[in-house]
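Below, each chain spelled out in residue letters.
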Amino acid sequence: MDVPQGLVFIFYMFVAFFAIGTILKGFFQVRTAEAVVIQRMGKFLRVATAGINFKLPWLDQIAGRIDLRVQQLALDVETKTKDNVFVKIPVSVQYHVIPEKVYESFYKLANPKQQISSYVFNVILGHVPKMNLDDAFLQQSDLAGAIKDGLDDVMTTYGYAIDQALVTDIEPDEKVKSAMNEINAAQREQVAAQARGEAEKILKVKQAEAEAESKALQGQGIANQRKAIIEGLKLSVESFAAAVEGTTAKDVMMLVLVTQYLDTLKEIGAQGKSNTLFVSHSPAAVGELFRQMQDAVMIGQTGAEAGKN
């Protein structure tokens, strides 16, 4: 029985399309920073890198795609310090698959994130409970270094490299935070109070020094003023005694006192708002005033001489 030529042609066309489709199906693309694990009949065959790759249809399969870029795992580890303060420690671990160890990363470790998390918890729980809270804050970088060093040794076996292990913060309980802030505020207020006290002390010392210097200058001015008055009176007495024969220094001083006495009464009377003032008006008043001044001078001189002896 002869087969029609049309059916044969259709059959060959079908076979040709099937063969072409099968061959084209063997081509696959691998992106940059990616690796593809190829298996043949369930057994590892090779690792395909970036670009166009080919696998045997029906025999080879893509078992998985591995991202070679740096990845980050963020964790929050809760523990307590040596002084019994519960803290939460955020940790960020940055890691990537070693291109030469794609086989190990794909076949040896089922869940890399869980493995990294377990080791981070183990390191922190082994270090932080031995530290006080203040020491934990001060040794964040040391804690991060311990995590990275330990992970490097462990994860390299599984084809992973640890780029960074960062302890980003240490978060105590809110009540502990409030207490720490209050202590810090009290310490700063104490320092500020000491500074204000020192400033006030310096200000008072400077004011006392200025006042003392002012009084010294004022006393010096009064002394100079009295000295000038004495020098003026001395010159006046000498000039008057030389001009009027037979007069003595006592007569001249009496005349000066009388003149000053009358000038004072004149000035008091010239003031419209002056209060009532009772003064002696007898002629002997000036003589009595002169005698009192002379007695005062004599007593002062006697006291000075007694002090020297």
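The structure presented is a predicted model; accordingly, all values stated were derived computationally and were not measured.

Conventions we followed
Residues numbered from 1 in each chain as written. Predicted model: local features only at pLDDT ≥ 70, side-chain atom pairs only at ≥ 80, totals over all residues. Heavy atoms only, no water. Helix = DSSP H or I, 4+ residues; strand = E, 2+ residues; numbered from the N terminus. Buried < 20%, exposed > 50% of the residue type's maximum accessible area, 1.4 Å probe, protein only. Areas by Shrake-Rupley, 256 points an atom, 1.4 Å probe, with all protein chains shown as cover. Core = buried A, V, L, I, M, F, W, Y, C linked by side-chain atoms within 4.5 Å. Contact = heavy atoms within 4.5 Å. Phe/Tyr/Trp six-rings, centres within 6.5 Å; stacked < 30°, edge-to-face > 60°. Lys NZ or Arg CZ within 6 Å of the ring centre and 35° of its normal. Pairing = 2+ DSSP bridges. Axes fitted to C-alpha atoms, helices over the stretch in contact; angles between N-to-C directions. Parallel < 35°, antiparallel > 145°, perpendicular 65-115°, else oblique. Left-handed = near helix turned anticlockwise from the far one by under 90°. Nonpolar A, V, L, I, M, F, W, Y, C, P; charged D, E, K, R; others polar.

J.: How do you make sense of the overall build of the chain when you look at a structure like this?
T.: For the chain, the helix and strand inventory stands at eight helices and nine strands. Split into buried and exposed, the 309 residues of the chain put 22% on the buried side. Carbon and sulfur atoms make up 59% of the accessible area of the chain, which amounts to about 22100 Å² in all.

J.: I would appreciate a short explanation of the nonpolar core in the present structure.
T.: Most often, soluble globular proteins have nonpolar side chains that are buried together. Counting 33 residues, the largest nonpolar core has I89, V91, I116, V120, I124, I147 and L151 as its most contacted members. Contributing elements (two or more residues each) for this core: β2 (34-40), β6 (71-80), β7 (86-97), α3 (112-127), α4 (133-138), α5 (140-155) and β8 (160-167). Top contributing element to this core by residue count: β7, with six residues. Setting aside its immediate chain neighbours within four residues, L151 contacts V93, I116, Y119, V120, T156 and I162.

J.: Looking at this structure, how should I read the packing of aromatic side chains?
T.: Where two aromatic rings form a pair, the distance of their centres and the angle of their planes describe that pair. With the rule as written, the count across this model stands at six aromatic pairs. Summarising the aromatic geometry, the rings of F44 and Y103 are spaced 4.9 Å apart at their centres and angled 65 degrees between planes, so their arrangement reads as edge-to-face. Note that F44 is positioned in strand β3 (residues 43-48) and Y103 in helix α2 (residues 102-107), a separation of 59 residues in sequence. Assessed through its relative accessible area of 28%, F44 is described here as partly exposed. Exposure remark for Y103: the relative accessible area of 39% places this residue in the partly exposed category. Between the aromatic rings of F44 and Y107, the centroid separation amounts to 5.8 Å while the plane-to-plane angle is 80 degrees, which identifies the pairing as edge-to-face. Taken together, the residues F44 in strand β3 and Y107 in helix α2 connect sequence positions 63 residues apart. Connected via pairs of aromatic rings, a cluster forms that spans F44, Y103, F106 and Y107. Directly above the aromatic system of W58 lies the positively charged group of K25, at a separation of 4.7 Å from the ring centroid.

J.: Would you explain the sheet that holds strand β5 (residues 60-67) in this entry?
T.: Sheets are built from strands paired through backbone hydrogen bonds, the pairs being either parallel or antiparallel. Strand order in the open sheet formed by three strands is β3-β2-β5, and the pairing between neighbours is antiparallel. Each end of this open sheet is capped by a strand with a single partner; those strands are β3 and β5. With strand direction ignored, the average angle separating the axes of adjacent strands in the sheet is 25 degrees. In this structure, β2 lies alongside β3, joined through five bridges in antiparallel fashion. When the bridges of β3 are listed, R40 appears paired with K43.

J.: How should the packing of α3 against α5 be read in this particular structure?
T.: Packed helices, taken two at a time, are described by their axes: the angle between them and the distance between them. Put simply, α3 and α5 touch, their axes get as near as 10 Å, and they point 140 degrees apart. Taken together, the axes of α3 and α5 are oblique relative to one another. Once α3 is placed against α5, the crossing between them reads as right-handed. Here P112, Q115, I116, Y119, V120, V123, I124 and H127 of α3 lie close against α5, whose contacting residues are L143, A146, I147, G150, L151, V154 and M155. Of the residues belonging to the contact of α3 with α5, the class tally is 12 nonpolar, three polar and no charged.

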